[in-house]
Amino acid sequence: MQENLDLGHMQQIIDEDNTKPYYIPHHCICKPEKTTTPLRVVFDTSAKTSTDQSLNSILLNGGSIRDDLFSLVTRFRTHEYAFRADIQKMYRQILAEPSQRYLQRIIWKETSQWRI
């Protein structure tokens, strides 16, 4: 979570607005045998709220962005050069519309100590 904060992929909310926020449930997945990312955060946007709706159910579906395999291979072979890239943080780099950010809140604390 600190990495998300450091990279500017999330920010602290200071002023409360008049909208009813949605807090995304999240948990960590720990794989000690992984050297690059032994701990990663998973957000559960399909979790239903007390109104029996999830964030996934109320947001607009943008459709599939994946091509079928035949189209992908055919397009790949039409070019002389190809490159590849790591998309590890691709989804965190999609800028959310400011008016919709109240739907993407999380509760996170930096240390294991509660401050009152």
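Here the structure is a predicted model, which means the values were calculated and not measured.

This brings us to the overall build of the chain. Helix and strand counts for the chain stand at 3 helices and 2 strands. Tracing the chain from N to C terminus, the helices and strands come up as α-β-β-α-α. Taking all 116 residues of the chain together, 9% fall into the buried category. For the chain, restricting intrachain contacts to residue pairs at least 6 apart in sequence, the fraction spanning at least 24 positions comes to 54%. A total of about 10,900 Å² of accessible surface is found on the chain, and carbon and sulfur atoms cover 54% of it.

Per-residue confidence for the chain gives a mean pLDDT of 79; residues scoring 70 or more make up 86%. Predicted confidence in the chain is weakest over helix α1 (residues 2-6), with a mean pLDDT of 81, and strongest over strand β1 (residues 26-30), with 87.

So, on to unusual backbone geometry. You will see that Asp52, though not glycine, has its phi angle at about 65°, which is positive. With respect to the helices and strands, the residue Asp52 is situated in the loop between β2 (39-43) and α2 (55-58).

On to a nonpolar patch on the surface, then. Among the surface-exposed residues, Leu69, Leu72 and Val73 lie close enough to one another that they form a single nonpolar patch of about 290 Å² accessible area. Exposure remark for Val73: the relative accessible area of 41% places this residue in the partly exposed category.

With that settled, the discussion passes to the state of the cysteines. Under the defined criterion, the tally for this structure stands at 0 disulfides. Sulfur of Cys28: no disulfide; nearest cysteine sulfur belongs to Cys30 and is 6.5 Å away. A relative accessible area of 54% places Cys30 in the exposed class.

Reading the values: the criteria
Residues numbered from 1 in each chain as written. Predicted model: local features only at pLDDT ≥ 70, side-chain atom pairs only at ≥ 80, totals over all residues. Heavy atoms only, no water. Helix = DSSP H or I, 4+ residues; strand = E, 2+ residues; numbered from the N terminus. Buried < 20%, exposed > 50% of the residue type's maximum accessible area, 1.4 Å probe, protein only. Contact = heavy atoms within 4.5 Å. Areas by Shrake-Rupley, 256 points an atom, 1.4 Å probe, with all protein chains shown as cover. pLDDT = per-residue confidence, 0-100. Patch = residues over 30% accessible without salt bridge, like charges linked within 9 Å, V, L, I, M, F, W, Y side chains within 5 Å. Salt bridge = Lys/Arg side-chain N within 4 Å of Asp/Glu carboxyl O. Disulfide = S-S within 2.5 Å.

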